[in-house]
Amino acid sequence: MANLLADPDSGLTPAQLAARHGLRVAGERPSFGRYSGQLWRYRHFISEYSHAKLTASFSNARLGQLWQVLTPLTNAAVYFLIFGLVLEQTRGMDNFIAYLTTGLFIFNFTQTSLMHGTQAISGNLGLIRALHFPRASLPLAITATQFQQMLGSMVVLIGIVVVTGEPITLSWLMLVPALLVQTVFTAGLTMVMARLGAKATDLKQVMPFVLRAWMYGSGVLYSVDLFAENLPGWATTVVQFNPMLVYIELARISLLENTHLLTDSLLLTWLIALGWALVAGVGGYLYFWRGEQEYGRG
Amino acid sequence: MVNLEMSNDVTMTLPQIQERIPTVVVDDAHVVYRVHGGSGNNLSAVAALKRMVSRNSAPNVREVHAVRGVSFTAYRGEAIGLIGTNGSGKSTLLRAIAGLLPVERGAIYTQGQPSLLGVNAALLNDLPGERNVTLGCLAMGMPPDEVRRKVPEIIEFSGINQRGDFASLPMRTYSSGMSARLRFSIAAAKQHDVLLIDEALATGDKAFRKRSEQRVRELRESAGTVFLVSHQLSSVRDTCERTIWLESGEVRMDGPTSEVLAAYEAFTNGK
């Protein structure tokens, strides 16, 4: 009896046997559509994980969640002390404190997300080796965590802006789409960093320098007019296309009254902002998906 | 009348028992993994510079040929023990089945996505056990309402609350046995097509081991396949009816647990 029933499978090679019963090669990368579907089903995991990370990051500090507000405040105070009071970058500017903190907080969101992104895979090997889930959940959760942090610092920023005497206008509403577009850009780039950081373990050491250079090129700490004044024409054009500069400028023009754009065209600035978000968002996701089967190996 | 019904019953259930559905097919699999910094003496800054100048990419990468041409087929409803001395390639084979290590030659086919349950499956140590259970369940792809239902069950099963309310304490305060128990309980809460257990049953006290062996049996009955790597031959004997003995990355013996264990014991005692 047993022999009779076992017959249909006998005489097949292992590959044929596997194909007959619908088995798939272990560790195969799912198709792009399937992967995106899986990722969508894991949205609850992403939000829970990002929230858990946020709680965990403050769990050892006595002041707890208060640091979400204290960190950006202290950061702003230090930079104001150096660039505002010691180096006197305030000359010829209406509201340097608000100008500085806007740039700082906007840049900090992308910066910390990228920094943590390099560790998205290598810092979660235990989880990756134990359970199967679309790995893109991890860099996305990191961006989501930093997004929540950023919302905290935006509250601080609004406070600073109002206290330093800026009027509340309708253009403040533009901050919301600007932040969303920046978030897409950041998420895409964080996925790129996650894939790079999974293989190149030295990246974590290099990133602080790259990010600092990027910060200096984004007009965070001083007036963007200095670019136009001191750089040759072509270099100013290059700087105009710096995505971080664009996102910072969009935030500044929404919140502060007496600012102007480096390009003098709001439409062009928005187009650059959207273009970068599209390129980084789609490109980063595709790049990360193509490495899916490699994460956690080695 | 009674007789007729009984015979009817038998014909109904027989094909289910007899039809053997393969869940894991391993076809002449070779696994080679690369270890960074294996040689150990080349980690100095000068050596690293020399490497960069001479463009000699990472000479301190060593290759380990851990699995050498293993073939077998595992069927639905089977629990298979994997035994062998240290370094015989048991854990490597499990990781290859889980899709975490690529095969160099040959192929491994699996049904669904096998889940590897190891002792080093780290969750978030700064968060309470309860929160980790929620996260773990979501990471296994459970819908949120099912997670809410399962969390108390999992904590109950793990028994971490036997000495006070540990579920609400951060996991870093747990003993190694407690966190291993919690991790096993999380992974065992889901129906897996193929569950790979790497030494996870060895941790925990006797009562927990009994419960987890019971759970492995349940998982098996609900049409899954379970692989168990263990150095404790008693737990292999209790849970698996088939055992594969690996030695130096090759299958030394594959058959009923009692026969394989007897041969293995003779081998290790004779050494």
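Just so we're clear, the structure is a prediction, and the values are computed from it rather than from any experiment. (Residues numbered from 1 in each chain as written. Chains lettered and ligands numbered in written order. Predicted model: local features only at pLDDT ≥ 70, side-chain atom pairs only at ≥ 80, totals over all residues. Heavy atoms only, no water.)

Asker: In this structure, what is going on with the overall build of chain B? I would like to understand it.
Answerer: Each helix and strand counted, chain B has nine helices and nine strands in total. In chain B, which comprises 271 residues, the share counted as buried stands at 48%. Considering only contacts in chain B between residues 6 or more positions apart, those separated by 24 or more positions represent 71%. Of the accessible surface of chain B, which amounts to about 13,200 Å², a share of 51% is contributed by carbon and sulfur atoms. (Helix = DSSP H or I, 4+ residues; strand = E, 2+ residues; numbered from the N terminus. Buried < 20%, exposed > 50% of the residue type's maximum accessible area, 1.4 Å probe, protein only. Contact = heavy atoms within 4.5 Å. Areas by Shrake-Rupley, 256 points an atom, 1.4 Å probe, with all protein chains shown as cover.)

Asker: Would you mind showing me how to read the packing of helix α3 (residues 32-41) of chain A against helix α14 (residues 266-290) of chain A here?
Answerer: Two numbers describe a pair of packed helices, the interaxial angle and the distance between the axes. All names here are of chain A. Contact geometry for α3 and α14: axes closest at 11 Å, N-to-C directions at 100°. Taken as axis vectors, α3 and α14 run roughly perpendicular relative to one another. The segment α3 lies against α14, with Phe32, Tyr35, Ser36 and Leu39 engaging Tyr285, Leu286, Phe288 and Trp289. Among the residues forming the contact of α3 with α14, the class breakdown is seven nonpolar, one polar and no charged. (Axes fitted to C-alpha atoms, helices over the stretch in contact; angles between N-to-C directions. Parallel < 35°, antiparallel > 145°, perpendicular 65-115°, else oblique. Nonpolar A, V, L, I, M, F, W, Y, C, P; charged D, E, K, R; others polar.)

Asker: Teacher, can you tell me more about the nonpolar core here?
Answerer: Generally speaking, a soluble globular protein has its nonpolar side chains buried in company with each other. Grouped together as the largest cluster of nonpolar side chains are 52 residues, with contacts concentrated most on A:Met154, A:Leu221 and A:Tyr247. Elements that contribute at least two residues to this core include exactly α5 (67-86), α6 (96-117), α8 (137-163), α9 (175-199), α10 (203-216), α13 (243-255) and α14 of chain A. When near neighbours in sequence (up to four residues on either side) are disregarded, A:Met154 contacts A:Phe105, A:Ile106, A:Leu175 and A:Leu179. Residues A:Ala130, B:Leu123, B:Ile155 and B:Tyr174 belong to the second largest nonpolar core, which totals 48 residues. (Core = buried A, V, L, I, M, F, W, Y, C linked by side-chain atoms within 4.5 Å.)

Asker: Even after reading the chapter, I still don't get the interface of chain B and chain A, so can you show me in this structure?
Answerer: Much of the literature gives interface size as the accessible area that the parts lose upon coming together. Facing the 41 residues of chain B at the interface are 37 residues of chain A. For the pair chain B and chain A, the summed buried area comes to about 3,400 Å², and 64% of that belongs to carbon and sulfur atoms. Considering only the surface of chain B that becomes buried against chain A, B:Leu100, B:Tyr109 and B:Ala139 emerge as the three largest contributors, covering 17% of it. A salt bridge links B:Arg131 to A:Glu48; the nearest nitrogen and oxygen atoms lie 3.0 Å apart. (Buried area = accessible area lost by both parts, 1.4 Å probe. Salt bridge = Lys/Arg side-chain N within 4 Å of Asp/Glu carboxyl O.)

Asker: Whenever I open this one, unusual backbone geometry confuses me. Can you help?
Answerer: Leave glycine aside and you will find that most residues have negative phi; peptide bonds, for their part, are mostly trans. Phi is positive for B:Asp28, which is not a glycine, with a value near 45°. By the element assignment, B:Asp28 lies in strand β1 (residues 22-36).

Asker: Would you mind going over the layout of surface pockets with me for this structure?
Answerer: In this approach a probe as big as a water molecule rolls over the atoms, and the regions it shows empty are the leftover space. Here the largest pocket is characterised by a volume of approximately 890 Å³. Lining the largest pocket are 39 residues, with A:Arg34, A:Gln38, A:His132, A:Phe133 and B:Gln113 sitting closest to its centre. With four residues, α3(A) is the largest single contributor of residues to the lining of the largest pocket. Broken down by class, the residue content of the lining of the largest pocket amounts to 16 nonpolar, 14 polar and nine charged. (1 Å grid on protein atoms, 1.4 Å probe; cavity = no way out; pocket = protein on both sides within 12 Å on 5 of 7 lines; lining within 4 Å. Points joined across faces, edges and corners; volume = space filled by probe spheres on them.)

Asker: Could you clarify how one ought to interpret a nonpolar patch on the surface in this entry?
Answerer: A surface patch of nonpolar side chains, about 540 Å² in accessible area, is lined by A:Val78, A:Leu81, A:Ile82, A:Leu85, A:Val86 and A:Leu87. Mapped onto the elements of the fold, A:Leu87 is located in the loop between α5 and α6. (Patch = residues over 30% accessible without salt bridge, like charges linked within 9 Å, V, L, I, M, F, W, Y side chains within 5 Å.)

Asker: What is the right way to read empty space enclosed by the protein from this model?
Answerer: Applying the stated criterion across every chain yields a total of two cavities of 30 Å³ or more. Of the pockets and cavities examined, the second largest cavity occupies roughly 40 Å³. Lining the second largest cavity, in full, are A:Phe45, A:Tyr49, A:Leu127, B:Leu123, B:Leu124, B:Asn132, B:Leu135 and B:Gly136. At the level of elements, α4 (43-58) of chain A together with α4 (129-139) of chain B are the ones that each hand at least two residues to the lining of the second largest cavity. For the lining of the second largest cavity, the per-class residue count stands at six nonpolar, two polar and no charged.

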